[in-house]
Structure formats: structure tokens, C-alpha cells
Amino acid sequence: MDIRLSGVSHRYDQTEVLRDISLEIPSGKIVCIVGPSGCGKSTLLRLIGGLEQPSAGEILQVGTPPTDCLNPLTYVFQDFALLPWRTVHGNISLVLEDHGIPSQDADDIIQNVLARTKLSDFAKALPKQLSGGMKQRVAIARALAVNPAVMLMDEPLSALDSQTRELLMDDLVNLWTRTPFTAVYVTHNLAEAVRLGHSIVVMSRRPGEIREIVHLDQPLEQRGLGNVEMEEKQKYLWQLMREEAQAADAELIHV
Amino acid sequence: MSDQVNTFTIRPVPFRGGGFAPSSRRWVGLVVFVVLIALAEMGTRQGWISALTLPKPSDVLKTFGELYSTGLLWKHLSVSLSRLIVGAALGASVGIAVGVMIGLFSYVRAGLVPLVAALFPIPKIALLPLFVIWFGIDEGSKYALIAFGTFTPTVVATYGAVDNVDRGLIRMGQSFNLSWWSIVRKIVLPGAMPGILSGLRISLAIAIILLVAAEMLGAEYGIGAYILEAGSLYDLERLFAGVTILSILGVTLSTCIGLIERRLLRWRV
Amino acid sequence: MISLNRRKALALMGGTVAAAGLSTPALSQVRKITVGALRFTSHSASFIALQRDYFKEAGLDVELKFFQAATPMAVAIASGDVDYAVTAMSGGLVSLADKGAIKIIGGALSEEAGIDGQKYLVSDAAFQAGVTSPAMLDGKSYGITSAGSSFHYMGSKLAQKEGISMSFKPLQKVGAIIGALKSGQIDAWSIVPHIAKPLAGSGAVHIIGNVSDVLPDYQVTTVFTSAKNAADERGMTGDFLAGFSKGVSDYNSTMIDRAHGDDGVNEMVDLIHKYVYADRPREKAAKSIINGTMRLNEGAAMNTASLQDQLSWFQSEGLVGGDITLDTVVDSSYVKTLG
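Residues numbered from 1 in each chain as written. Chains lettered and ligands numbered in written order. Predicted model: local features only at pLDDT ≥ 70, side-chain atom pairs only at ≥ 80, totals over all residues. Heavy atoms only, no water.

Observations regarding the UniProt feature "transmembrane region" (unreviewed entry) in chain B
All names here are of chain B.
- Per the UniProt record, the feature "transmembrane region" (unreviewed entry) sits at residues 27–48, 84–108, 115–137, 143–162, 202–227 and 239–260.
- Along residues 27–48 one finds 91% helix and 0% strand; the C-alpha atoms at either end are 29 Å apart.
- End C-alpha to end C-alpha, residues 115–137 measures 27 Å, and it is 57% helix and 0% strand. (UniProt positions renumbered as here; feature names shortened; annotations may be inferred. Helix = DSSP H or I, 4+ residues; strand = E, 2+ residues; numbered from the N terminus.)

If you want it as C-alpha cells, here you go:
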């Protein structure tokens, strides 16, 4: 299933947040959205997932999601959004409970996603016992459990320290390589974008418009640390964004 | 000059980080109790505390013993506890229900928050005669008074707790297409539980206070009636025995809620 | 404290002398004391003695201090804030006496055959259901202020005499009892005639008997003071009782024996009206004041037999210690004892 945005604009009262965004998110690819803070990239993600309605333009699902997909558009949040009173197992079963799945099948699904995210040993742990990286892996496992058509990832690694971030990026690459999934990945971190994105959408400061879409052809599993081509891309992206970031920063101070 | 300073003033850096770190000293509370009681006992025995001012702690204990051995303790305690349990259960459950509704529905909030704010400061004791007419002089008015007294603080605590439930979690629930009822049951209610329980702590203390007030009218038995009777008879031993029972009741209830909290809120960091 | 009193007294005396010129006889010693009172007709003796200067003649400068209920008044005596007061011998009073705080030194109000006294009342609901005499109160509820109050005593004695059992509902305040009786929440009560009669007149309650039938010579209220005054201030206590007795005497002769005719009654009603029902117009108050007339004990004499009966009842109910004797509670050296 693809997602198509055409002429999407959005405003909160007087403030124009997004202006005329048209974008194609192809099935089985990861699209990264980068931009300076306040450019509306998180808003864009909420619009894509239907948590908010755009002021103008339309967002379309092209094709039908697979039949075993429980929640076509599934988010992974920056703050993990795990229920602290439920165990890892309980947090994942939460999103299966409303679908009338027999408990044996649900357990199988949970075992499966826990195995894929290397969390099998922590099924009974409470979120407070887990590190930040583990928590985000639980959140990813939860997202995988509903077999989403598109994963909407809102700065999923921003709350983590840099080592954990590296580890999780490896995990995500492995996950994708084994079973490619479709994702919209919002981040302000260019290293993440060049590591995970098949295409990278660079946005201007508010009101957010698309500056440029950069395509990266190198397969994900080959984009390790110190990859020269990636460094080049990242440098290029930074040049694109630098002025915008500076202006956005100054703007925030003057407000 | 700097050389001189360096050669003459070698000493350890002074420690300035002491205090302001409360640590557990359980026994101190007990010692305070014991010392106060011992002082009272000494004073009343030697006469520098007059019999009008304080009863002998040992006499209070004896009164307590008599109360126990005659079976009256249980008679008073059982009616009081049933009043407390029925009244508080009624008030707290309706309070939680209304509080959750206020937290969830804008119209209910707009309609009821001013009403609750208007009801909250009313001294419930003042309404007792009215309750007697509405609910009868027997158990009805007592249940009503305690229920009403626990209702308002529970409502306020509950809707505050619902308001404070992490919006991110609710958004997460919506993003996974959970039904409205699932979100309320699995996210809002457990998330509001810490606030509700700490509200309940206050509500139950109020319930104990109101127990005495409720037993002012038409109660032959009950801890509150016992205390009031002792007061009107100037029987300080009984008065103190009754007050002690109330204190123990309060501590017990508070401990119970503590246990429930520890059980239900194990997940808290 | 005494010096302060004396200084105050001297200042006051100076003022009095100045105001009255030299006609006032020079008083050798004027003691300033505080007398506690409730705004009830049964406290009239104190009002009369004050208004007609009987206290002053006895060498006392009396300040009246008004209370809402007997309980705080008794506590005020115990704490020394009030020197003398009149109230029923409740369990609380006995308890305070047992703690060495107060003493009963005389009688005030008593039931007397032939004179309208306290009434037993039933609610309209109970009356309609057929409770028309005290004997029919078996199994009914009876309003009292608190355990060990005079209401409790009167109800319990009634039950004893009729061989019935009633449940006693403590309601703390007279107002609450009246409300409960009117709305039928309780079935029966007993109260002084000036409250009983208007209530019965409204039809909400019915009078079904006289307390004096159950408790002839019932010593309803007593004069009491602190144990210290009773023991160490014999002169002052005697002076107080002398002044008080003159008030009693005036009250009985005018209001009951009508020695001065209707004019006398009217004059006395005016006097009492200053203190009782002051918020009501004279005509309405007069009716209540006259309705409330009960004989006060001449010479503050007290009926020790009745007091003993009350004490024994408190003890049988377990309300006060069983080892308390009447001597602990009563100092009978001041006035004549009856019974």
C-alpha cells in the first residue's frame, strides 16, 4: 500500500505550519523527513496517520493493506508511549486485544515480534526495568505486532544516547532487510536519515515546504559507519539545511 | 604571595553537603509517643497535671481493657465500621465515577465542576439535620453524611488525576485504533489510579472525621457516639480511649491504602 | 488575681458611689463575681437578684455570663471562669464533682405536685398510631441530648415505672430533638412546660403525661460552684445564696402565689423579658414566660433524696463511677435539705 499526499497545507489558527506538500511514499521503502525544528515535520506525520486533519489538500491510501494487517498506519513515538503498568508482553497484547484474536494466536504473534526485536527474555519485565533503547524496541515490537502497512516513526531515536541509537539503527536495518516494511521516518538527525532513508525529504522552516527530495540508492545494509558516500550525502543535506536551521533558530529567539 | 598561600594553607576541602536528605528513622516516632505518654503518666500520678486536664494513660488503658472485655468495643466498632465502609464506599465509588466522567466529557465538566466547587466548602456537618429529614434518623443519614463528605474530595482528586493522564498514551491508544472503552479502561483508569488513591487517602480521613459527626444524631452505639457520650459525661478516660480508637482506625486505613498502592502501583518508578 | 479583682471592685465601687452620690451606704467589701446563666425562665432567680440589687445588698458585684448550653457552663465553673451557676445534675456534673472540680450547693427548680411541671411529649405520628399515654411507649424511641442528661434520666425513670423499654436517641441539642420529634423521627421526649405547651399547641406533638407523676419532688436543677469556692469561700458562697434566695422568693411569690396580682406578674415578666426571649415581642414572650413558671426552691433548699436517686441511676447505667457518694457531689452545709 502506498501513501500519496497532494497539496497538503495545514494551519493552527493564525500560524501556517505546512504549505502545499505533495509526496509519494512507495510501498516497502523508508522515507525520511528532515528539517529544522518547528518546520512541521511531526505535524505532517500526524496528518499522514489521521491523528489530525489537514486544512487543505488530501492524503490518500493507494491500494489496500494486506488482509492480516490489523492497523494499517502505525506509529512509533519518540517517548515510546508504553503503558508503565503493563509488562512488555502486556504492552504488546494491548494492541491485539481489540481485534478478537484467539489468545493462542495473540501469544504467537507476541512471541514472534519479541524474537524479531530480541526481547524474548524480557516478556515479563515492566517498562521501568528497561533501558531507553529496550523501551523503544518494545515500542517497535508493538508496532510490528499489528503488521502495519506503513510505520510512522516520529523521531524514534531522539530520546536515546548516541551508542544506543547506533545499536537501534542496526536493529532497524536488520528488521527491514529481513522483511522490508514501509515507513515514514521523521528526524532532525541527518546521520539517521542517511543511514535509514531510501529517500530523504528536506523541509524548509515554517511554514514547512519541501525543499528537495534526495534519493539514496545504496542498499541499507551497506551503509555502515564511515561510509564515504553517506558522509558526502550528509554534508550535502547539511548545506541544504544550514541556513534554514539558522533562520529557524533566530526566529525562535525573536518570538 | 601565591607561593606563600600555597605553602601555608594545605587542608582538606571542607564538607558542605550535609543535611537536607531525610533518611528513615522509624524508631524516633515511637520514642516521641512513648516519652509523651510516660510524661503524662508521671504528671498525673505525681499531681502536677490535674485530673481535670489529662487522664492517667494507665487508666485509659484500663478503660480500653474494660471496653474490650465487656464486648462493648466490638459493638461500638462494628457499627462504626459498617457506617464507615458503606458511607465511604458509596461516596468514593460515585465520586470516582463522576470524576472520570468530568475528566472525559466536556459537557459533564462544564456542568458539574462548578457544582462540585460549590459543594466542596460546605461543612457537611451543618447539613446533618437536613440529612436526618431526608434519609431518616437511623443509618440512612449517617451513610449519607459520610458518603457526601467523601464524595467531593474524591471527585476533585479523580478528575485531576484523569486530566493528568499522559496524553501521549491516549494518543498511542488512538493510533492503534483501540476502542473508546478500551482506552478508558486500559489507559485512562490505570493512569489515573495514583491520583485517585492519594485522593482516597484524604477522603477516608475525612470519612473518619465525619463518622463522629454522623454519630451525633441518634446513634446509641459507635465510636463517635462513645466519644460524644464520654465528652458530655466529662469522662476523660473514655474520651481518650475513644479518640485513641479513632487514631488507630486512621492509621490502619492509611496503612491499608499504602498496601493497596504498593500492590496496584508496583509499576511506578 | 484577687488583687486585680479587688482593684476592679474598688474602681467600680468608686463609680457607684459617684453616680449615686452619698446615698449609697458604704460597703465594707464588694466582691466581683461571675454568675453563669442560660436564657431560660428557670434561671429567673439570678436575673431578679441582679436587677433588684439583692446581690449588691449581699456585698457582691455580679456579672452575668450567658451560655448556650449547660455543658460549657459547667466546664467554665470547673476552670474558674464562672463562680456560680444553675443547671441540672447531669452525669457530666457528677463526673466533674468526682474529679474535685465542682460542688452542688443548693437547689433551684423542682417538680412539685399541683404545679405545672415538665411534660412527656409524643410525636403526632406516634399519637395518631395510638400512643396516648406513657404506658404505651414500649419499644418507642425517646429523644435525649446525650447519655446522662436530665432527659435521659426522665425517660429512663418513666420506662422503669411503666415497666416498658425504649431506645434513647442522643441528638445533642434541644433544637435537634424538637426537629426530630416534629418530623416523627423520634417518638417521645420530655421538656419544661414553656417549650412543651407551644409545641403541643401547634399540633405537631402531643402532651401525654407529667414528669411529676413519675418523679414527684424531682430536683430538676441545682445551684453549683467550684469545689474551691464551696470549701474556701464560705462567706462569698453564703452571700451569693442569700442574694439568690431573695430572687427565688420574689419569683415564687409573684409568679406562682400571685402575691402582687397581675401587675406584679407583668412587672416581673418585663424584668425577665430583658434576658429571656429578648428577641421576641413582649406579648409573645410574656405567654412563654408565664407558661414556663415552675416553683423554685425557697432558700435554695435542695432535695437530697432526689439527688441521691439521680446519682444512683447514673451509677446503675454505668455512666459514672460506682464508688461516688452523694457527699462527693453535694455540699449540704449551705442550705436546708429536703426529702
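Regarding the UniProt feature "domain: ABC transporter" (unreviewed entry) in chain A
- Sequence positions flagged by UniProt for "domain: ABC transporter" (unreviewed entry) are, in local numbering, residues 3–232 of chain A.
- Span residues 3–232 of chain A is 33% helix and 25% strand, its end C-alpha atoms 29 Å apart.

Points about the interface of chain C and chain B
- Taken together, the contact pairs 27 residues of chain C with 22 residues of chain B.
- Across the chain C to chain B interface the summed buried area is about 1,900 Å²; carbon plus sulfur atoms make up 59%.
- Three residues, Lys99(C), Gln172(C) and Gln185(C), lead the burial of chain C against chain B; their summed loss comes to 30% of the area buried on that side.
- Between Asp138(B) and Lys169(C) there is a salt bridge, and its shortest N-O distance comes to 3.2 Å.
- Applying the counting rule to chain C against chain B returns 10 residue pairs in polar contact (both at pLDDT 80 or more).
- Listed by contribution, the elements that provide at least two residues to the side of chain C that touches chain B are α4 (70–79), α5 (91–98), β7 (167–170) and α8 (174–182) of chain C.
- When residues in the side of chain C that touches chain B are grouped by element, the largest group, five residues, is from α5(C).
- For the side of chain C that touches chain B, the class distribution of residues is 14 nonpolar, 11 polar and two charged. (Contact = heavy atoms within 4.5 Å. Buried area = accessible area lost by both parts, 1.4 Å probe. Salt bridge = Lys/Arg side-chain N within 4 Å of Asp/Glu carboxyl O. Polar contact = N/O pair within 3.5 Å; in protein donor to acceptor, adjacent residues only side chain to side chain. Nonpolar A, V, L, I, M, F, W, Y, C, P; charged D, E, K, R; others polar.)

Considerations on the side chain of Asp154(A)
Residue and element names in this part refer to chain A.
- With respect to the helices and strands, Asp-154 occurs in strand β6 (residues 150–154).
- Arg-46 provides the closest opposite charge to the buried, salt-bridge-free Asp-154, at an N-O distance of 5.1 Å.
- A polar contact of 3.1 Å, which involves the side chain of Asp-154, links it to the side chain of Ser-42.
- In contact with Asp-154, not counting residues within four places along its chain, are Ser-42, Leu-45, Val-76, Phe-77, Gln-78 and Val-186. (Buried < 20%, exposed > 50% of the residue type's maximum accessible area, 1.4 Å probe, protein only. Lys, Arg positive; Asp, Glu negative; His and termini not counted.)

So, the packing of helix α6 (residues 128–135) of chain B against helix α7 (residues 139–163) of chain B
Residue and element names in this part refer to chain B.
- Running from N to C, α6 and α7 cross one another at 130°; their axes reach a closest spacing of 8 Å. When the axis of α6 is compared with that of α7, the two are oblique. The chirality of how α6 crosses α7 is right-handed. Each of Leu-128, Phe-131, Val-132 and Phe-135 in α6 lies in contact with α7, whose residues at this interface are Gly-140, Ser-141, Ala-144, Leu-145 and Phe-148. (Axes fitted to C-alpha atoms, helices over the stretch in contact; angles between N-to-C directions. Parallel < 35°, antiparallel > 145°, perpendicular 65-115°, else oblique. Left-handed = near helix turned anticlockwise from the far one by under 90°.)

Here we look at helix α11 (residues 236–264) of chain B
Residue and element names in this part refer to chain B.
- Here α11 is 29 residues long and its end C-alpha atoms lie 41 Å apart, about the 42 Å a rise of 1.5 Å per residue gives.
- Taken together, the buried positions of α11 are Leu-236, Glu-237, Arg-238, Ala-241, Gly-242, Ile-245, Leu-246, Leu-249, Ile-257, Gly-258 and Glu-261.
- The inward-facing, buried residues of α11 contact α3 (57–69), α4 (72–104), α9 (180–214) and α10 (223–232). (Expected span 1.5 Å × (residues − 1).)

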